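# Inside the fold
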Amino acid sequence: MQDRASVFDDTTSDAIQANALLGQRSHPRLARRIEARPVCLSAPLLPSITSPYHIHSAHGIHRVGIEYFDIWSQWQGLENIGVVRAVAIGDPIEPGQAALVRIVVREPERDIVKQSILSRLKDLHAAAADEDMTIHLDSERDFRLYVLEQMRPNRKPAVTLLENGNLRALWSDASGQQVGLQFRGDGWVQYVLFARTMPDQTLATSVGRKMFNATLESVRQMGLHRLIYT
Amino acid sequence: MTRISLPDADHILRHVKPTAFDEGRVQGAAFGWMPKQPGDGISVNWIEHADGANQDDKIAFIRARRRRDWKKSHKLAVLNIGRVRADVRQRMEALGLALSPDVVHDPLKSTDKFPADPTHALISGIPNNDSPEAEAVFDTLAACVENHVPALPEA
């Protein structure tokens, strides 16, 4: 049984709204039922998160330092943005005690991105009808599952319909880096990744076809997840 | 038939459907193609070879000779030939593809339905299948787009 909690820092920001779920392995005092309240994290949930946060509960305010743990776990389930490690650094929790905190993001920015993608899909359906093209159901099903439900980007990709009927999402930046994912159905993704590993050097290129989770591992290994979560 | 390579300094035009245009940019999907005959390539138009005093006139010349249905929602992407040649070649080397990309003149003769099109050209020597490598080349071409204009004139 997991208790719902809230996490916020001292910096007022509505950039990210988050609720924390205290996991089964959390500190016993944190694992008690904790009062829910709105949450603000001032920084994106990226590896740089180290600043102290407060967890409000019926038992007081708990100061915790949250260390990045595994943002990619968001793609293992439909609800979790990531698993972070919260280390108690003040009363009433014993300093140094650790708790695993799963954070579920309710982020207006992400909702806007999701709505933008859905709007684009609607436009593509209209354009496909106008152009006598077909959107493959398997491709759209995978696109919706993987992009909208599992990846949940906070940056909208360019979404295109290919001549073969598949949907493609592309995140890119001004330096030429990109993550291009063509959804081919049955979990298969055709990927085209360009990454700048060194300044002023040719972009590293990686292309191929893999299952979705393996493709995302390639994205992460090339450091390109920052294009999706800016 | 030997086709002549077009000058690096000149420009080509590629027709783009709305399904291949998003985020204010022409996307790689605009360059997907299937060969109709040996030696085929991506169909484009050589802007500088069109009649007209300025780019608008030249595009109007090309527009009048189109052989496909262009709509108000469509775009025309403008690409520099030298950059296409250099960037695609570099990408294909990175991908280990043993092909020789080029931009060549391919004027079309008149038919019963269409007038001759002296501006027609091809981006040749590039992969034409549904492979990841081909998709990487199409993305490279999209990155070469300098600007875009409406396929049909504004009302």
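The structure under discussion appears in the preceding block.
The paragraphs below set out a description of the structure included in this document. Here the structure is a predicted model, which means the values were calculated and not measured.

To continue, consider the overall build of chain A. When helices and strands are tallied, chain A shows five helices and 11 strands. Of all 230 residues assigned to chain A, the portion counted as buried reaches 53%. Taking the intrachain contacts of chain A between residues at least 6 apart in sequence as the baseline, contacts between residues at least 24 apart amount to 53%. Accessible area for chain A stands at about 10700 Å²; split by element, carbon and sulfur atoms hold 49% of it.

A few words on the pairing of strand 8 (residues 167-172) of chain A. Residue and element names in this part refer to chain A. Burial analysis of strand 8 places six of its six residues in the buried class, the great majority of the element. Of the two faces of strand 8, both are covered, the one formed by L167, A169 and W171 as well as the one formed by R168, L170 and S172. Here strand 7 (residues 158-161) runs beside strand 8; their pairing, made up of four bridges, is antiparallel. Considered in strand 8, the bridge of T160 is made with R168. In this antiparallel pair of consecutive strands, strand 7 and strand 8, the connection spans five residues, and G165 shows a positive phi of 90°. Pairing of strand 8 with strand 9 (residues 178-185) involves six bridges; the strand directions are antiparallel. Residue pairing for strand 9: R168 is matched across the bridge by Q182.

Next up on the list: the environment of N80(B). Residue and element names in this part refer to chain B. In this structure, N80 sits in strand 5 (residues 75-80). Counting along the chain gives 64 residues from N80 to C144, while the straight-line C-alpha distance between them is 7.2 Å. Those residues in contact with N80, other than ones at most four positions away along the chain, are D8, A9, D10, H11, C144 and E146. Polar side-chain contacts of N80 include one of 3.0 Å to the backbone oxygen of D8. Separated by 3.3 Å, the side chain of N80 and the backbone oxygen of D10 make a polar contact.

This paragraph deals with the interface of chain B and chain A. Taken together, the contacts link 25 residues of chain B with 32 residues of chain A. Roughly 2200 Å² of surface becomes buried between chain B and chain A when both sides are summed, with 47% attributable to carbon and sulfur atoms. Where chain B meets chain A, there are eight salt bridges. Across the pair K156(A) and D22(B) runs a salt bridge, and its minimum N-O distance is 2.7 Å. Summed over the shared surface of chain B and chain A, the number is 21 residue pairs in polar contact (both at pLDDT 80 or more). Of all the secondary-structure elements, those providing two or more residues to the side of chain B that touches chain A are strand 2 (21-22), helix 2 (81-94) and helix 3 (132-143) of chain B. The element contributing the most residues to the side of chain B that touches chain A is helix 3 of chain B, with six residues. Of the residues in the side of chain B that touches chain A, the class split is eight nonpolar, seven polar and 10 charged.

Before going further, it helps to examine unusual backbone geometry. The phi dihedral of D186(A) falls on the positive side, at around 60°, and the residue is not glycine. With respect to the helices, strands and loops of the structure, D186(A) is situated in the loop between strand 9 and strand 10 (188-195). For D186(A), a relative accessible area of 61% translates into the label exposed. In the Ramachandran plot, E23(B) falls in the positive-phi region, its phi being about 55° despite a non-glycine side chain. Relative to the helices and strands, E23(B) is located in the loop between strand 2 and strand 3 (25-26).

Rules and cut-offs
- Residues numbered from 1 in each chain as written.
- Chains lettered and ligands numbered in written order.
- Predicted model: local features only at pLDDT ≥ 70, side-chain atom pairs only at ≥ 80, totals over all residues.
- Heavy atoms only, no water.
- Helix = DSSP H or I, 4+ residues; strand = E, 2+ residues; numbered from the N terminus.
- Buried < 20%, exposed > 50% of the residue type's maximum accessible area, 1.4 Å probe, protein only.
- Contact = heavy atoms within 4.5 Å.
- Areas by Shrake-Rupley, 256 points an atom, 1.4 Å probe, with all protein chains shown as cover.
- Pairing = 2+ DSSP bridges.
- Polar contact = N/O pair within 3.5 Å; in protein donor to acceptor, adjacent residues only side chain to side chain.
- Buried area = accessible area lost by both parts, 1.4 Å probe.
- Salt bridge = Lys/Arg side-chain N within 4 Å of Asp/Glu carboxyl O.
- Nonpolar A, V, L, I, M, F, W, Y, C, P; charged D, E, K, R; others polar.

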